[in-house]
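Structural characterization, general
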Amino acid sequence: MKKILVTGSIAYDTIMVFPDRFKNHLLADQLHILNVCFLTPEMRREFGGTAGNIGYNLKLLGEAPLVMATVGEDIGPYLERLQRLGIDARFLKKMPGQFTAQAFITTDLDDNQITAFHPGAMNSSHENHVRRELEAGLAIIGPDGKQGMQQHARECAELGVPYLFDPGQGLPMFSREEIDEFLRHATYVAVNDYEGKLLEEKTGRNLEALARQVKTLIVTHGAQGSRIFSAGKRYEIPAVKADAVLDPTGCGDAYRAGLLYGIARGWDWPDTGRLASVMGAIKISHRGAQNHATGRHEIEARFKSAFGHSPF
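Small disclaimer: the values here were computed from a predicted structure and weren't measured. (Residues numbered from 1 in each chain as written. Predicted model: local features only at pLDDT ≥ 70, side-chain atom pairs only at ≥ 80, totals over all residues. Heavy atoms only, no water.)

**Description of the side chain of Glu-155**
- Tracing the chain through its elements places Glu-155 in helix 3 (residues 146-159).
- Nearest to the buried, unbridged Glu-155 among oppositely charged side chains is Arg-131, at 6.6 Å.
- A polar contact of 2.7 Å, which involves the side chain of Glu-155, links it to the side chain of His-129.
- Here Glu-155 is in contact with Asn-128, His-129 and Val-130, once residues within four sequence places are set aside. (Helix = DSSP H or I, 4+ residues; strand = E, 2+ residues; numbered from the N terminus. Buried < 20%, exposed > 50% of the residue type's maximum accessible area, 1.4 Å probe, protein only. Lys, Arg positive; Asp, Glu negative; His and termini not counted. Salt bridge = Lys/Arg side-chain N within 4 Å of Asp/Glu carboxyl O. Polar contact = N/O pair within 3.5 Å; in protein donor to acceptor, adjacent residues only side chain to side chain. Contact = heavy atoms within 4.5 Å.)

**Regarding the side chain of Thr-107**
- Mapped onto the fold, Thr-107 is located in strand 6 (residues 101-107).
- There is a polar contact of 3.5 Å between the side chain of Thr-107 and the side chain of Gln-113.

**Things to note about the pairing of strand 7 (residues 113-118)**
- Where strand 6 and strand 7 come together, six bridges link them in antiparallel fashion. Among the inter-strand pairings, Ile-105 is bridged to a residue of strand 7, identified as Thr-115.
- As consecutive antiparallel partners, strand 6 and strand 7 are separated by five residues, and within that stretch Asp-111 has a phi angle of approximately 65 degrees, a positive value. (Pairing = 2+ DSSP bridges.)

**Structural notes on the packing of aromatic side chains**
- Applying the stated criterion across every chain, the model contains 15 aromatic pairs.
- Summarising the aromatic geometry, the rings of Phe-18 and Phe-22 are spaced 5.8 Å apart at their centres and angled 5 degrees between planes, so their arrangement reads as stacked.
- A relative accessible area of 5% means that Phe-22 is categorised as buried.
- Ring geometry for Tyr-261 against Trp-267: centres 5.6 Å apart, planes inclined by 80 degrees, an arrangement best described as edge-to-face.
- Classification of Tyr-261 by relative accessible area gives buried; the value is 3%.
- Members of the aromatic cluster, joined through ring pairs, are Tyr-261, Trp-267, Phe-303, Phe-307 and Phe-312.
- A cation over a ring is seen here: Arg-45 above Tyr-12, with NZ or CZ 3.8 Å from the ring centre. (Phe/Tyr/Trp six-rings, centres within 6.5 Å; stacked < 30°, edge-to-face > 60°. Lys NZ or Arg CZ within 6 Å of the ring centre and 35° of its normal.)

**With respect to the packing of helix 3 against helix 4 (residues 176-185)**
- Two numbers describe how helix 3 lies on helix 4: the axes approach to 10 Å, and their chain directions differ by 30 degrees. With respect to each other, helix 3 and helix 4 are oriented roughly parallel. Between helix 3 and helix 4 lies a crossing of left-handed hand. The residues of helix 4 that touch helix 3, namely those facing Lys-146, Met-149, Gln-150, Ala-153, Arg-154 and Ala-157, are Glu-178, Glu-181, Phe-182 and His-185. (Axes fitted to C-alpha atoms, helices over the stretch in contact; angles between N-to-C directions. Parallel < 35°, antiparallel > 145°, perpendicular 65-115°, else oblique. Left-handed = near helix turned anticlockwise from the far one by under 90°.)

**Some points on the packing of helix 8 (residues 269-284) against helix 9 (residues 296-307)**
- In contact at an axis separation of 10 Å, helix 8 and helix 9 are set at 110 degrees when each is read in the N-to-C sense. Here helix 8 is positioned roughly perpendicular relative to helix 9, judged by the angle of their axes. As helix 8 runs across helix 9, the sense of the crossing is right-handed. In contact with Asp-271, Arg-274, Leu-275, Val-278, Met-279, Ala-281 and Ile-282 of helix 8, helix 9 contributes Ile-299, Arg-302, Phe-303 and Phe-307.
- By residue class, the composition of the contact of helix 8 with helix 9 is eight nonpolar, no polar and three charged. (Nonpolar A, V, L, I, M, F, W, Y, C, P; charged D, E, K, R; others polar.)

**Looking at the sheet that holds strand 4 (residues 66-71)**
- Strands sit in the order 5-4-1-8-9-10-11-12-13 across an open sheet of nine strands; the sheet is mixed. Each having just a single partner strand, strand 5 (92-94) and strand 13 (233-237) make up the two edges of the open sheet. This sheet shows a mean twist of 15 degrees between the axes of neighbouring strands, independent of strand direction.
- Looking at chain direction, strand 11 (residues 216-220) and strand 12 (residues 226-230) are connected through five bridges and run antiparallel. The residue of strand 12 that forms the bridge with Thr-220 is Ser-226.
- Most of the contacts of helix 5 (residues 193-203) go to strand 10 (residues 188-192), to which it runs at about 115 degrees, and overall it touches strand 10 and strand 11.

**Quick word on a nonpolar patch on the surface**
- Nonpolar side chains collect at one region of the surface, where Leu-26, Leu-31, Leu-34 and Val-36 lie side by side and expose about 330 Å² of accessible area between them.
- Tracing the backbone through its elements, the reader meets Val-36 in the loop between strand 2 (11-17) and strand 3 (42-48).
- Accessibility expressed as a relative area gives 37% for Val-36, which makes it partly exposed. (Patch = residues over 30% accessible without salt bridge, like charges linked within 9 Å, V, L, I, M, F, W, Y side chains within 5 Å. Areas by Shrake-Rupley, 256 points an atom, 1.4 Å probe, with all protein chains shown as cover.)

Have a look at this one:
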C-alpha cells in the first residue's frame, strides 16, 4: 500500500457574516478614499489549508496520510485537532516568529466575499524537504509557498515519487517555463475549469495536448461533474447529488483526496473519479472544510447508492 504524502498549506479560516449587502455601504464615486467598517455579529473559525483538508479527507477514507507543511507559533489548536484525529503531524515545521497562514473572509447576504489572506509561515515551505526516509509512494504538490512547491516537485522527481500537481489558486504566480517544469515531472495534474483555462493560456496548449504530457489530467466542473483525460481516452464523471448545498469551501480538496485514494489502490479512472465525486458531495453539505465526520463505511455506501457497485 502506497504511503501518500500531502504537501500544501495549513491554515486557519476566520469567516464573518455581514447581515446586509456591501453595495449598500460602498459609494461608487468614493472608492478612491475607501474607509468602511462592516459590523459582523456572526463569526466562526475553521481549520483549513489544502494540506490539512486533503489529509482530513484521506483520514476519513481510512488512510494514514503524511501531511507536510510549515506553520506558525499559533498552531497549537490545529495541532491538538490533528492529534485527536490521529493524523500524523511530525512533518509540520514550526517557524519561529511567524503566524500560521490564515484567511479572513467577510460574506454579505448576496454571498459576495471580501477576503484578506496572510501567508505567514507558508512562505517558508521550502524549509521542509521531501526525503527518502518518508517512504512516500505517491504525493500531491498542492498550493503552498512558490519556492516550496517547486522544490517539493523536484525532490519527488529525484526520488522517483509520482506526484499529482494541483496548483490551485497558486497557478498565476508561475511562468510558462515554471509550469512546464512541473509538467515534465508530474504524473497527474488536477485543476478546476477556471484553472484549466488559465493553464491553457499560460502554456499555449489546449487541455488535450497538456494531457498527453502527463499520465492523467483531471478537470473539475463543479455541479457539472468532472472530466478525466488519460491514455488518449476521456472519462465523463457525473457529479453526485448532495444532501444539501451549503458550502463549497474545501470541496476540491475532498475531491482530490478521492483521487489519491483511488490512485494509491490502483483503481481504474472511472471509479477513482466517482469516489472523488462522492467525497465532494459529502463535503458540500457541511459548512467549513473539515466538519463532515463521515466514516469509510458510509462513504462506501454512498458510492454504492450513487453508482450501483463498490470498488472498495
